[in-house]
Every structure is written in C-alpha cells, then in structure tokens.
Amino acid sequence: MVSITIDGHTLEVEAGSTVLQAAERLGIDIPTFCYLKRLPPLASCRMCLVEIEGLRRLQPSCATAVTEGMVVRTNTPLIDETRSSMLDMLLANHPLDCPICDKGGECELQDMVMEYGPRRSEFRDPKRVFHSRDIRLSPVIIMNVNRCIQCQRCVRMCEEVVGAVALGTVEKGMDTAVTGFEGSLASCDQCGNCVEVCPVGALMSFPYRYKARPWDLAETDTVCPHCGTGCQLTVGARKGEFMRVRSKEEHGVNRETLCVRGRFGLDFVESRDRIKRPMIRRDGALVPVSWNEAGDYLRRRLSAVESKAAGGLASARLPNEVLYQFQKLMRTVFRTNNIDCSARWSAPFDALGPLLASFYTRASLHDVIGSDCVLVIGGNVTEENPVTEYLLRDAARRRQTGLLMLSARPSRLDADARVVLRVPPGGEAASLAAVVAGLLPSETLAEIGATTGGEGSDRLVTALKDVRSVTLLVSVGLLRSPAAGATLQQVNNLLQVLRLLGKGVAMQFLFDRANQMGAWDMGVLPEALPGLLPATDDDAARTALGRAWGVEIPSEPAATFDAMLELCDVGRMGALYIVGSDPVMTYPDRRIVQMALGAADLLIVQDAFLTDTAGLADVVLPAASYGEEAGTFTNNEGRIQKLRKFREPAFEARGNLEIFDFVAQLRVQALQPSAQGEIFDEITRLVPAYQGLTQGGLGADGAFTKAVPTPPSGVFFAAPPIPKVDDRLMLVTGDCLFHNGYHSERSEILNTVADDPYVELSEQDAGRLGLSDGDQVVVRSGQGELTAKLKVNRRFPRGLVFVPENYRALRLNSLMRRGEYPCPVEVQKAHAALEIGPHASSAASPEDLGQGMAGGSP
C-alpha cells in the first residue's frame, strides 16, 4: 500500500493506482474527457491536470501513478485557469448548436463549461467546419464530426473493448477527425457503444434522433431480455412509448457497454405482431373473443381431456416468478411433472444435475474470468454473448488471462487466444476426453488419448498443466446434440481432474436465453423440482415441497418436450400448455412438431406475439410482454436482478401470473400466493440457492444466489464413442450477432441492421463446390431445402456449414430431423439446383400459417 495526500486528506491506496483513482476514493471530483475506467489511460484531453508537490508542471491524474508520500492539489488557481483554457480551445471550433443537438441536457461538455469554463472567449477566427451535413455511418449511427472534441473514447472502445475496429482517425492536430472506412462502418457490430461513451453529440443514435429530450423521458433501470449475460440497461419511455436504451457506467456486469441487441433491439415491445384479444378455434379458424368467452370455452375443453396426460412448455425468457408459478400450476392443478423450458433441446438431467451441484460457480463473471486461464467450450461467444466476449477480451489483453478455445465454429476471440482447438461438429465430447486423458494418464484413460488426441489437444493439455486456476465457460449450444449427455460428462471429468491436480476450478454456462439459469432453478424441468432437486427419486424433497404447497406432488416419471410430442402422436396428450415459446420455429424438426401439436386434444398457447405455434392453437391467451410485468431474472453468473415494468400491457393482454390464476380457477383451484412479490418471498423460502434473499436486498447490481455445496461423485464417466469421419457437409446452427430469436425477430431496428439470411461455409469447401461469396445457394437435407446468400468464412474449418436459426422466413428447422445433429446437407448454387428440377422446399410457406389459422391445424 502507498500513502498519498490529496487536498489535505491522507489515505492509503494500492501500489500502481493512479492519482485519479485515489481522488475518486476520497470523493474528490476531477474532470475528465478522454478517461474511461475500462480503457487504458490516454491523457490527451488535459482536463484532469493536477499539481504534485515537487514537480514543476501540472500532471495528468489519469496517467500518473501514486508514490509514497505524494502530495497532490486538485483545485488551485493555476489548475482552474488551465481547465478554463482547455475548454476555451474546445469551444473555439465547437458548433454550439445545443438547441438541436441530441446530447443537449446530458452533454459532458455542457456540464464542464458550466463548472469550469470561461465566461468569454478570446478566439475570433472562423470556426473549422468538416462537413456541412451529418454523416450516416450505418442504419443506427449518425455522426457530426464538427462536434467531436477528439477524446478518442469511441475509437478505443471499438477497438479495445468490442474488438470490431470499425472507427479510426484521419489527419493530425486540430484537423483530426473520427471516421469509418470510406464514410461507413464496414466491420461494425452496430452495438452503439461509441454513442454511449461519446461525451458530446458527435456520435448519435439514429433511431432515437430528434424524438425526445432527456427530461421528457421516464427512465427505468431493468435487465436485458436477450441473452444470459444479464446486462443492466436503462429504458427511456415517453408517455408509455418506448424511446431508447442506454447503459450506466457504474452498474451491472456490463457497466457502460451493451451489444446491438440490448441497445437497439428493444423496439420489439412496439411490434405490430401483438395478440390483441383472446382467441378460440371455431370451425377450424381462430376468432377473437372476450376473456369470459375464452374461459367458458377453455373450461369445457379442459373437462373433456381431464383423463388424459397434460404437459407444459415455458420459455426461459420469462421471469423467475412466472416460471416458478407455471411449474407449480402444472404440478398442483394439472397434476403432472411433464414440464420443460426449451423446445430446442432437452437437458440430460442425469449429467446436468451433478455438474450444476458440484461445480457451477455462482459468482461475478469479472472474478470468474480472473483465473489464470479460461477455457471456452463450444459455441461462438462473439455472437451468442457479445458483452461476455468484451469482458473476456479485456481479461486476455489487460489481465493476461490465458484464453483457450475449443469449438467447431471460429469466433473473434480466437485472435486473443493462446490455444485454439478446432473440433469437428459434434466432436466436443471426444476432444474433451482426450484432454482429460492427457492431464491424468492412466490405464483407463490412455487409450482415449491415443485415439482422439492430436496436436491441438496436446497444446491444450500443456496450457492447462501450467496454470494454478482454470475457469470453464460452456456454451449451452452443446445441448443441441444427441451427445449432449456425453459432452457434459466429459466436462465433469475435466473439472474433477483439474481439482485432483490441485488447481482452482470454476465453471459457468453461456446461455443464449435471458433466464435459462432461473428456469432450471425454478424447476421447469421434468426431472427436477425447484432447487434442482430430483422430482421423482427424492421423496423427502417432494414431500417437503408438497407440504408447503398444501398438495401432494405427483411422483410418476415425467416427459421432456420430446416425449410430450410422442404422447401427442399416439393420442395420449390431453392438454398441452405452451407459455412464451414457439416450438414450431425452434424445435429441430418442423414436420414432426407441427404434426404432434396438431394431434394434441387441446393446445393452449399463452404469448404476447402471434407466433407460428399460436396459429395452431385451440385457445390463445394474450400475455404481457417484456417490460409489461415485474419480476426477476437469474443470469449466467447466478446473479438475480430486478426486471422492472416500464409500460402497461398492450390491448387486452394480461400479466402471466394473472392468466395462471385465471386457468387455475377454471379447474376450481387457486394458486396461493399469486402476487409477484409474494411468489418471490416463497421462492426465497423454498429454493435453497435463493434462501436469505429479499427484494430490498436486490440493489443496483442485484444479488448472487448461493451454491448449495454438494461433493463431487468422484466417478469418472466413460469416454464417448469417437465421432465418425464424414466427408459430407455437416450443418450446425445457433445465434447470429443481430438475432437470437423470438424477441429480436420482431425488432424493426435489428431487422434493418441484420444481414440477409445467409449460409456460412469455409473457403476450401466453397472453392471445391465452385461457389463464391454472395452467391445464392441451396442447402438440402433429407428433410427439405432452403435458399440463402453464401458467406464465405476463411476461418471456417472444412466440412462445416452454419445457418443462423433466427430468420423466420428461412424456416431452418425444416431441414432437420429429430435426434440428428449436426445434420448432413448438400450445398450448391441456386441456379444449378433449378436446372436439376423444380425448387421444392418442405418449409411451410407464409400462406400455410394463414391456412392453419383459417382452416384448422395440419
């Protein structure tokens, strides 16, 4: 520790701290323009100059390290005069168009001038003018170069945090100007972080431009609904109408950063695709009715199917309280454990349960990735969890964390990684087994290493042996594969081996749904009760929960969503209740899910939007959307945060909890408690990881749920079969940067900035097939085909085809067959396919949905 005196106050700070950081600890305000906490100091704006005893010149406090006994003064006449002069120079060429500038009212230059600026200027020369009109850099970012004060925040944020390098500077001195490539943002993520950090109105949000002033807005701090990183954001609305999103430097895992989905993708709340009134099916068509009519119809239909099985599917985008109440409704009113929270995959609980119980680390991502090395397994962090990628890049570049990558798809983080192990699609389990064998050679594991190892796994083994602590970040995309259980078992093996070697270990999932962790915690799983306790094998847990609920919980083995579809096929499914999910779009076999849902005796869909699944329903109940009901989300870190309401439900929509009460009453039962706050309190009593939490205790940064310590089993799982070498192209899917399904697909802004639907392929495969970047290509499987634009990726491995799942018009799941992932496909130029025969895709046309609504379920 180092002792330093600032303005007469003495304190001790860590060696290496800057004078600015020490002053902040004392609450002494030193003005800055170019400084940002998460960026290396630049010391270019000279606003933070201070006097240091013993030095002749003023020193920039943001870049001056403290020394023992240092004496600093921050408010002398010389400092005041210098700050005033710096502001005078900035104003000399600033356009002073505050009345029309979008930054008016929250401009740092305005604030600085009020506090420190000159009252008159000595400059008489004409102002420098770069462009007479603003420059539209992208669909969402517009720039006025004349307002720029050359702090370089935007350029450094783009390059050092986001990793996009879309902005740069030209010229020198007073003629310096920030710009994109040839006046556009060619490699831009469209995240708008440059807009967020710009202290003036040089970079602005085009969708928000000229719409409102800061003082017009009612601002609400809430949580992003798009992925599991759990970024905090502030929504601005005027008279209930959504206006903009911004972030705050001091709060959340994200601090001042957001990705494109979080900053520009919340306009989906204004979507024209909202369900306005309840609907019931009459003569094969869905017709709007009143809530009372819907209730009468639903009561009769529920009575008719009471003797058959029931099942429920709820979206992991819903708040904890809604998810908890849904599984409670299904278990106590519908008397079933047939509950699931994903239509894209079924979590193998026999492998997932031990992993979550023994190794899942409920702690800040900042701390978790502070290990000596971080191993990212599967997926593409850049596109699935962009803000997590920012933090990983920061850890690799500034904290010297060793970044290791093991995946089929490349990502932008590969450039910062020490080791990149590219595996064949579906080969993650075998590659992990080889790493385990290399770390802990034994008779049982040596054979695995000999058959599945290689140069890449050897380098990964060496990197893991040389460190003291390791964090595993596991993409939830791995759960898509039929081999998901084997992959999770090998993750468990690896964590056990690392622990046996005396290394500190941590593990978190990288979810692409905002509340996937919460969905699991709340027990929206067929095999698990709230708290991830076994639903059928643990009599004590089931009895204790049943006593608290005042009802006996079913003990029969339960069905995953896959198994529920099979029950539909054989005519054994009575009521299937789907809340906030669209399995017709997301289930990996469109033909099967359409047939199964059509075969259910009673399909109830509760949603905010008129989805493809809602088009097949017998009863449609309009529910509140994001921002229209309060609750909590639990993110990847296990951090629980408040989801706040910032508008009333649209049209005749009701809150999800209110609808559950409505349905329970139709069965002459009641759900108690039924208010959001009371349900939260029940969760904190009955779910071990949430015990002790209070709503008042969820501060600005939320609060962490706690791990319930369970000793690891100590059993090593058998190695998975070695994946067969296949010369065919293998299709994998996932999120793209601008879309991650459901919500983002309904954002007009995201649809404006997103690429057209595309197919991604390696340069080698494209050359072999005679294809070029931008060609229209046909992707064909045994199930169907689709047509989209080709994007050639030089970093893609051979044999891999990627198509993003988030374009409704593409209907990607028409290509897939249940239980087959990755999916073998053929790719050829579109006109060549037409020469062979007529283009006949098994994907349903937009008209099919209309026929389904008007003419009955398929």
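Each value, and the rule that gives it
Residues numbered from 1 in each chain as written. Predicted model: local features only at pLDDT ≥ 70, side-chain atom pairs only at ≥ 80, totals over all residues. Heavy atoms only, no water. UniProt positions renumbered as here; feature names shortened; annotations may be inferred. Helix = DSSP H or I, 4+ residues; strand = E, 2+ residues; numbered from the N terminus. Rg over C-alpha atoms; globule rule 2.2 N^0.38 Å. Buried < 20%, exposed > 50% of the residue type's maximum accessible area, 1.4 Å probe, protein only. Contact = heavy atoms within 4.5 Å. Areas by Shrake-Rupley, 256 points an atom, 1.4 Å probe, with all protein chains shown as cover. Lys, Arg positive; Asp, Glu negative; His and termini not counted. Charge placed at Lys NZ, Arg CZ, Asp CG, Glu CD. Pairing = 2+ DSSP bridges. Axes fitted to C-alpha atoms, helices over the stretch in contact; angles between N-to-C directions. Salt bridge = Lys/Arg side-chain N within 4 Å of Asp/Glu carboxyl O. Core = buried A, V, L, I, M, F, W, Y, C linked by side-chain atoms within 4.5 Å. Domains from an automatic or database assignment. pLDDT = per-residue confidence, 0-100. Parallel < 35°, antiparallel > 145°, perpendicular 65-115°, else oblique. Left-handed = near helix turned anticlockwise from the far one by under 90°. Patch = residues over 30% accessible without salt bridge, like charges linked within 9 Å, V, L, I, M, F, W, Y side chains within 5 Å. Buried area = accessible area lost by both parts, 1.4 Å probe.

- The protein goes by NADH-quinone oxidoreductase in an unreviewed UniProt entry, where it is assigned to Sinorhizobium fredii.
- In UniProt, the protein has this text filed under Catalytic activity (unreviewed entry): "a quinone + NADH + 5 H(+)(in) = a quinol + NAD(+) + 4 H(+)(out)".
- Quoted verbatim from the Sequence similarities (unreviewed entry) field of the UniProt record, the comment on the protein reads "Belongs to the complex I 75 kDa subunit family."

## Focus: the overall build of the protein
- The secondary structure content of the protein amounts to 27 helices and 36 strands.
- For 858 residues, the compact-globule estimate of 2.2 N^0.38 gives 29 Å, and the protein sits close to it at 29 Å.
- If one aligns the C-alpha atoms of the protein with their principal axes, the spans along those axes are about 90 × 70 × 65 Å.
- Every one of the 858 residues in the protein was classed for burial, and the buried ones make up 61%.
- Across the protein, every contact between residues at least 6 apart in sequence was considered, and the portion connecting residues at least 24 apart equals 72%.
- Summing over all exposed atoms, the protein offers an accessible surface of approximately 33,300 Å²; the carbon and sulfur share of this is 50%.
- The distance from the centre of the 91 positive side-chain charges to the centre of the 105 negative ones in the protein is 2 Å.

## Observations concerning the UniProt feature "domain: 4Fe-4S Mo/W bis-MGD-type" (unreviewed entry) in the protein
- Residues annotated by UniProt as "domain: 4Fe-4S Mo/W bis-MGD-type" (unreviewed entry) correspond here to residues 217-273.
- Structurally, residues 217-273 is divided into 9% helix and 33% strand, and its ends, taken at the C-alpha atoms, are 25 Å apart.

## What about the UniProt feature "domain: 4Fe-4S His(Cys)3-ligated-type" (unreviewed entry) in the protein?
- Within this numbering scheme, the UniProt entry marks residues 78-117 as carrying the feature "domain: 4Fe-4S His(Cys)3-ligated-type" (unreviewed entry).
- Helix makes up 62% of residues 78-117 and strand makes up 0%, while its end C-alpha atoms are separated by 14 Å.

## Overview of the sheet that holds strand E33 (residues 776-780)
- The strand order E31-E35-E32-E34-E33-E36 describes a closed barrel built from six strands, whose pairing is mixed. Each adjacent strand pair in this sheet contributes to an overall mean axis angle of 45 degrees, direction not counted.
- With five bridges joining them, strand E31 (residues 729-734) and strand E35 (residues 800-804) adopt parallel strand pairing. Opposite Thr733, over in E35, you have Val803 as the bridge partner.

## Considering the pattern of salt bridges
- Taken as a whole and judged by the stated rule, the model has 50 salt bridges.
- Put simply, Asp134 and Arg209 hold a salt bridge, and the shortest N to O gap is 2.1 Å. With Asp134 in the loop between helix H3 (108-116) and strand E6 (135-136) and Arg209 in the loop between strand E10 (203-205) and strand E11 (218-223), this pair connects stretches of sequence that are 75 residues apart.
- With relative accessibility at 27%, the residue Asp134 sits in the partly exposed group.

## Overview of the nonpolar core
- Counting residues in each nonpolar core, the largest one holds 104 residues, and the members touching the most others are Phe334, Leu472, Leu494, Phe509, Trp520 and Tyr577.
- A domain split of this core shows at least three residues from each of domain 3 (279-344 + 516-691) and domain 4 (368-500).
- Counting residues in hydrophobic clusters, the runner-up holds 101 residues, among them Leu87, Ile141, Cys188 and Cys224.

## Let's talk about the sheet that holds E10
- Reading across from one edge, E6-E7-E10 is the order of the three strands in this open sheet, with antiparallel pairing throughout. The two strands at the open ends of the sheet, each matched to only one other strand, are E6 and E10.
- Direction of pairing for E6 relative to strand E7 (residues 141-143): antiparallel, over a ladder of two bridges. Bridged to Ile135 within E7 is Met143.

## Observations regarding unusual backbone geometry
- Cis geometry is adopted by the peptide bond preceding Pro673, which originates at Gln672 and carries an omega value of -5 degrees.
- Relative to the helices and strands, Pro673 resides in the loop between helix H22 (656-666) and helix H23 (676-686).
- Note the cis peptide between Tyr821 and Pro822, where omega equals 0 degrees.
- With respect to the helices, strands and loops of the structure, Pro822 is situated in the loop between E35 and strand E36 (823-829).
- Look at Leu96: it is not a glycine, yet its phi comes out positive at around 55 degrees.
- The topology assignment puts Leu96 in the loop between helix H2 (77-93) and H3.
- Take Leu96: its relative accessible area is 49%, and that puts it in the partly exposed class.
- Unlike most non-glycine residues, Asp283 shows phi in positive territory, near 55 degrees.
- Looking at the secondary structure, you find Asp283 in the loop between strand E14 (279-282) and strand E15 (285-288).

## Focus on the confidence of the model for the protein
- Averaged over the protein, the pLDDT score is 91; the fraction of residues at 70 or greater is 94%.
- Residue range residues 447-454 is modelled with pLDDT below 50. Its contacts to residues more than four positions away, or to other chains, number twelve contacts.
- Residue range residues 836-858 is modelled with pLDDT below 50. Its contacts to residues more than four positions away, or to other chains, number 43 contacts.

## A look at the environment of Glu14
- For Glu14, the location among the structural elements is in the loop between strand E2 (9-13) and helix H1 (19-26).
- Taking the relative accessible area as the measure of exposure, Glu14 reaches 55% and is therefore exposed.
- When the C-alpha positions of Glu14 and Thr586 are compared, they lie 51 Å apart, and in sequence the two are 572 residues distant.
- Sequence-distant contacts of Glu14, that is, excluding residues within four places in its chain, are made with Met1 and Val66.

## Examining the packing of helix H9 (residues 349-359) against helix H16 (residues 484-500)
- Packing of H9 against H16 leaves a shortest axis separation of 9 Å and a crossing angle of 30 degrees. Judged by the angle between their axes, H9 and H16 are roughly parallel. With respect to the hand of their crossing, H9 and H16 are arranged in left-handed fashion. Across from Ala351, Leu352, Pro354, Leu355, Ser358 and Phe359 in H9, the residues of H16 making contact are Gly485, Leu488, Gln489, Val491, Asn492, Leu495, Gln496 and Arg499.

## Notes on a negative patch on the surface
- Together, Glu24, Asp29, Asp111, Glu115, Glu249 and Glu250 line one region of the surface with negative charge.
- Mapped onto the elements, Glu24 comes out in helix H1.
- You can call Glu24 partly exposed: its relative accessible area is 39%.

## Remarks on H23
- Those residues of H23 not exposed but buried are Gln676, Ile679, Phe680, Glu682, Ile683 and Thr684.
- Each element contacted by the buried residues of H23 is listed here: helix H8 (320-332), helix H18 (539-549), strand E28 (631-634), strand E29 (639-643) and H22.

## Side note on the domain arrangement of the protein
- Split by domain assignment, the protein resolves into domain 1 (2-75), domain 2 (125-270), domain 3 (279-344 + 516-691), domain 4 (368-500) and domain 5 (729-829).
- Using only C-alpha atoms to locate each centre, domain 2 and domain 3 end up separated by 38 Å.
- The interface is formed by 19 residues belonging to domain 2 together with 16 residues belonging to domain 3.
- Interface area, domain 2 with domain 3, both sides summed: about 1,500 Å², of which 52% is carbon and sulfur.
- The interface formed by domain 2 and domain 3 contains one salt bridge.
- Two residues, Glu270 and Arg647, come together in a salt bridge whose shortest N-O distance is 3.1 Å.
- Per-element accounting of the side of domain 2 that touches domain 3 gives the leading share, four residues, to E11.

## Re the pairing of strand E13 (residues 241-246)
- The sheet contact formed by strand E12 (residues 232-238) and E13 spans five bridges and is antiparallel. Bridging from a neighbouring strand, Arg238 pairs with Glu241 of E13.
- Counted along the chain from E12 to the antiparallel partner E13, the turn is two residues long, and its residue Lys239 has a positive phi close to 55 degrees.

## Describing the pairing of strand E34 (residues 785-793)
- Taken together, the five bridges between strand E32 (residues 758-762) and E34 define a ladder with parallel strand orientation. Counted as the bridge partner of Val759 is Leu790 from E34.
- Relative to E34, E33 is paired through five bridges, and the arrangement is antiparallel. Of the residues in E34, the one forming a bridge with Gln776 is Lys789.

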